Every structure is written in C-alpha cells, then in structure tokens.
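For reference, the chains in residue letters:
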Amino acid sequence: MATILAIETSCDETSIAITRDGKLLANIINSQVEFHQKYGGVMPEIASRLHCENIALVLVEALEKSDVKLEDIDAFAVTRGPGLIGALHVGLQAAKTLAMLYQKPLIPVHHLAGHIYANEFHSPLKFPLLAVVVSGGNSELVLMKDHFDFTVIGRTRDDAIGECYDKVARVLGLPYPGGVPIDRLAKEGQPTYDLPTPLMGVDTYDMSFSGLKTNVINLVHKLKQREEKLRIADLCRSFQEVAVSVVVQRTIKAIKEFQVKQVILAGGVSANSHLREEMKSVAQKLGVHISIPPLWCCTDNAAMIAKAAEHLYKRQVFADLDLGVDSNWTIENWDEF
Ligand code: KG4
C-alpha cells in the first residue's frame, strides 16, 4: 500500500484528501456553494477562480490534519474528468506540479469511478454489481464485473437527476442546491400532483429528466396564472416520487437481467432519503446486497478520488506530465488519457 494525496476540483468543491494504506488521514472540502447560490447553479468561471484562490490553503490544511509531509507522498492523484473544464484544470495543474517537484507518479482518476469507490469506505465491492450513479452532472447505470471493469448500460438522455432537482427547486423559490430542501419538504407533503413518468413503457435502461422538469415548470406557471395556491410540499413529494421511480424501476430490471450480487449508490443524489429507502426495500425483496455511501462521501470530495487511486496505484496506472483534462471523459475509457 501507499500514501496517496488526491485532488478534486471538478465542480464547486475544492478538496484534497490523504490516505495511507487505505486509511483516510484527511479529507478537506472547501465548498463554494454560497458563491453560486445567487445564480441558482454553478457559474463555471467563478468556480475556476475560487479553486485557484483556495487550492493552496486546502493543501496546507490537508497536510496539517494528516501530519504528513509532501516528501512522504507516494503518488499524486487527481480528477481528470468529467466536470467543468476550467475547474478541472486547476486541480490537474496542482497535481502535475507536485508530481514533478517530488518526482512521484501522477494518477488520473475518473470522477464517477471516485463516486463508485467511495463505497469502499464502508463495505467491500461484490461483483457483479450495479452502480447507480446519480449526481448533479450524471445519471448512469454502470455494470461492474470486476474492479475497473465498467459497462454503462443506461444513462440520461438529457438532464442529470441532480440538475433536475436544482432546476425544480429554483422554480419553487428554494435555495441551491435543490436536492436537500426538496427532500426535506417532500416528507411533509402528499403526492397529490399528477406528473407523468418520463419514458414510461419504453423498454430501456436510459433515463430522462428534462420532461419532468418542464412539467413542473408548466404546472407552477399555470397555477400562478389561475391565481391558485401552490402546495409546495405536495409538489416536492409528487416530483420526488416520479424522479426516484425512474431510477428504481431501471435498477429492478437490471438486477434481474444481469443477476447482480450488489447494488451500490453513488453521487450527490444518493443522499436522497426516499431513494435510499426505496433501494433498501428493493434490495431486500430481490435478495441482493445494497451499499449506500455514508452522507459525508455522497457529494464531491477527494477521499473518494484517493480510494479509486489506491487501485490505480497498485495497477501502476500513471500519466505523463503532458496530461490534459477531459470534461467529457466516459467511465468505460477510464484508462485512455
Ligand atoms: O455529486 P455531486 O456533489 O456533484 C456532482 O458530481 O455532480 O452532486 C450534487 C447534486 C446536486 O444536484 C444536489 O441537489 C444533489 O446532488 N443532492 C440531492 C440531495 N443532496 C444533494 N438530491 C436529492 N436529494 C438529496 N438529499
């Protein structure tokens, strides 16, 4: 095993983690959420600038917290994609500089592989498994027959589920990011609004969320025009039940078709209480193991990048110093850079 320093700057969290022999020594996360809140979403240029301002401070904090010196690091890992291009560049330049100065390997990590491997902080992966990756930028069903053997069996055809939560929250006047307030309000409401389920009756593992978002927006506008009262908690509950059912229905189909032993949740939306409950009950009914990451590692953080990097270190998946970022990197091509 080894001492690994991992950097994550793919969106609006500047994060650096240090692991030694698999043990997490530090995981510093500097969230920019308050700066993006007034825009109702992440402003890419602001995200890049804030990463530039914060990264050195986050590095110092991670070294202090872990009581590790840069000379003791065996490899520098970094999220190479997917994500916001300018934001990714900040992390990559930092990692390359450290790898060059300390003459240590540079490990490029796929962001979604990080989300998937976050699960290893609390339970080992059991193959074949289905990873349900649901975040602000991605919604994918990934089949894994072994470590770093990824087959995407379904993905969103338009918006990611988290993006849909954030946009619905905006139209309801709720703060950004929208997942947490919608999840909270949904518990107080009833599913009284009738929202159509996207891709209903279509035999596919693909998902779609933009039609659902448009339905909510149209409903809100219609109620306003008619000067009818909008029952926000009920709408949150109605929306959440449909959004979660899109993911759950496909998970059930995949468990049966691919005979998976384990289902793992990954990405920011895996913090959703309704999704967690539904997945637990599906797993119990179908007799598969379910792994749900602890809340601290559902949203973006560098600890998950370090976890994936431990595997890559063993396989000696190292990059040269001319490595570039790839904002659209697909997980199936995790070793092409
Ligand atoms: O994984 P993440 O930090 O960023 C990406 O890699 O995209 O996920 C952020 C997303 C946001 O869209 C946020 O609204 C959503 O995760 N999220 C939730 C919940 N907590 C965070 N969505 C639904 N329910 C939640 N409890």
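Here the structure is a predicted model, which means the values were calculated and not measured.

**Q** I tried to follow the overall build of the protein chain on my own but got confused; where do I start?
**A** Within the protein chain, the secondary structure is distributed over ten helices and ten strands. Relative to the compact-globule value of 20 Å for 337 residues, the protein chain shows a C-alpha radius of gyration of 20 Å, a close match. Dimensions of the protein chain, computed from C-alpha atoms along their principal axes, come out at roughly 65 × 45 × 30 Å. Across the 337 residues of the protein chain, 55% fall into the buried class. Surface summary for the protein chain: the accessible area is close to 14500 Å², and the carbon and sulfur share equals 50%. Positive and negative side-chain charges in the protein chain, numbering 34 and 41 respectively, have mean positions lying 5 Å apart.

**Q** How should I be thinking about the layout of surface pockets in this particular structure?
**A** Think of a ball as big as a water molecule: rolled over the atoms, this probe shows where empty space is left. Looking at the largest pocket, its volume works out to about 1300 Å³. Along its surface, the largest pocket is lined by 50 residues, and Cys-11, Ser-135, Gly-136, Gly-137 and Asp-166 are the ones closest to its centre. When residues in the lining of the largest pocket are grouped by element, the largest group, six residues, is from helix α5 (residues 161–171). For the lining of the largest pocket, the residue count by class is 17 nonpolar, 21 polar and twelve charged. Formed jointly, the lining of the largest pocket draws a minimum of three residues from each of two domains, domain 1 (3–116 + 297–333) and domain 2 (126–292).

**Q** Sorry, what's going on with the state of the cysteines here?
**A** In a disulfide, the sulfur atoms of two cysteines are covalently bonded to one another. Counted according to the given criterion, the structure contains zero disulfides. Free cysteine Cys-11: the closest other cysteine sulfur is in Cys-52, separated by 15 Å. No disulfide involves Cys-297; its sulfur sits 6.1 Å from that of Cys-298, the nearest cysteine. Overall, the relative accessible area of 1% leaves Cys-297 in the buried class.

**Q** It is not clear to me how the pattern of salt bridges should be interpreted in this structure. Could you clarify?
**A** Per the stated rule, a full pass over the model turns up eleven salt bridges. The partner of Arg-49 in a salt bridge is Glu-45, with the nearest N and O atoms 2.8 Å apart. One end of the pair, Arg-49, and the other, Glu-45, are both in helix α2 (residues 44–66), four residues apart, so they sit about a helical turn from each other. Residue classification places Glu-45 among the partly exposed residues on the basis of a relative accessible area of 47%.

**Q** Looking at this structure, how should I read the side chain of Asp-234?
**A** Residue position: Asp-234 is located in helix α8 (residues 232–258). You can call Asp-234 buried: its relative accessible area is 13%. Side chain to side chain, Asp-234 and Thr-192 meet in a polar contact 3.4 Å long. Those residues in contact with Asp-234, other than ones at most four positions away along the chain, are Gly-189, Gln-190, Pro-191, Thr-192 and Tyr-193.

**Q** Even after reading the chapter, I still don't get the side chain of His-311, so can you show me in this structure?
**A** Considering the arrangement of structural elements, one finds His-311 in helix α10 (residues 302–314). Judged by its relative accessible area of 12%, His-311 is buried. In this structure His-311 touches Tyr-117, Glu-120, His-147 and Phe-148, once residues within four positions along its chain are discounted.

**Q** For this particular structure, what's the right way to read the domain arrangement of the protein chain?
**A** By convention, interface size is frequently given as the accessible area that disappears when the constituent parts associate. For the protein chain, the assigned domains are domain 1 (3–116 + 297–333) and domain 2 (126–292). The distance between the C-alpha centroids of domain 1 and domain 2 comes to 27 Å. Contact residues are listed per partner, giving 20 residues for domain 1 and 22 residues for domain 2. Buried area between domain 1 and domain 2, summed over both chains or domains, comes out near 1800 Å², and the portion from carbon and sulfur atoms is 69%. Counting the surface domain 1 buries against domain 2, the share from its top three residues, Ile-116, Cys-298 and Glu-332, is 31%.

**Q** Even after reading the chapter, I still don't get the nonpolar core, so can you show me in this structure?
**A** Inside soluble globular proteins, nonpolar side chains tend to come together where they are buried. Val-132, Phe-239 and Val-247 are the most contacted members of the largest nonpolar core, which has 48 residues in total. Of all elements in the fold, only β6 (129–134), β7 (139–146), α5, α6 (179–186), α7 (210–225), α8, β9 (262–266) and α9 (273–286) reach the threshold of two or more residues within this core. Among the elements that take part in this core, α8 stands out by supplying twelve residues, more than any other. Among all residues touching Val-132, those that are not within four sequence positions of it are Glu-140, Leu-141, Val-247, Thr-251, Val-263, Ile-264, Leu-265, Ala-266 and Met-279. Ala-77, Val-109, Ala-309 and Trp-334 belong to the second largest nonpolar core, which has 34 residues in total.

**Q** Explain the sheet that holds β7 to me, please; I cannot follow it from the model alone.
**A** Sheets are built from strands paired through backbone hydrogen bonds, the pairs being either parallel or antiparallel. If you walk across this open sheet you meet the five strands as β8-β7-β6-β9-β10, and the pairing is mixed. Both outer strands of the open sheet, β8 (149–155) and β10 (289–291), are each paired with one neighbouring strand and no more. Neighbour-to-neighbour, the strand axes of the sheet open up by a mean angle of 20°, direction not taken into account. Bridging between β6 and β9 involves five bridges; their strand directions are parallel. Bridge assignment links Leu-129 to a residue of β9, and that residue is Gln-262.

Rules and cut-offs
Residues numbered from 1 in each chain as written. Predicted model: local features only at pLDDT ≥ 70, side-chain atom pairs only at ≥ 80, totals over all residues. Heavy atoms only, no water. Helix = DSSP H or I, 4+ residues; strand = E, 2+ residues; numbered from the N terminus. Rg over C-alpha atoms; globule rule 2.2 N^0.38 Å. Buried < 20%, exposed > 50% of the residue type's maximum accessible area, 1.4 Å probe, protein only. Areas by Shrake-Rupley, 256 points an atom, 1.4 Å probe, with all protein chains shown as cover. Lys, Arg positive; Asp, Glu negative; His and termini not counted. Charge placed at Lys NZ, Arg CZ, Asp CG, Glu CD. 1 Å grid on protein atoms, 1.4 Å probe; cavity = no way out; pocket = protein on both sides within 12 Å on 5 of 7 lines; lining within 4 Å. Points joined across faces, edges and corners; volume = space filled by probe spheres on them. Nonpolar A, V, L, I, M, F, W, Y, C, P; charged D, E, K, R; others polar. Domains from an automatic or database assignment. Disulfide = S-S within 2.5 Å. Salt bridge = Lys/Arg side-chain N within 4 Å of Asp/Glu carboxyl O. Polar contact = N/O pair within 3.5 Å; in protein donor to acceptor, adjacent residues only side chain to side chain. Contact = heavy atoms within 4.5 Å. Buried area = accessible area lost by both parts, 1.4 Å probe. Core = buried A, V, L, I, M, F, W, Y, C linked by side-chain atoms within 4.5 Å. Pairing = 2+ DSSP bridges. Axes fitted to C-alpha atoms, helices over the stretch in contact; angles between N-to-C directions.

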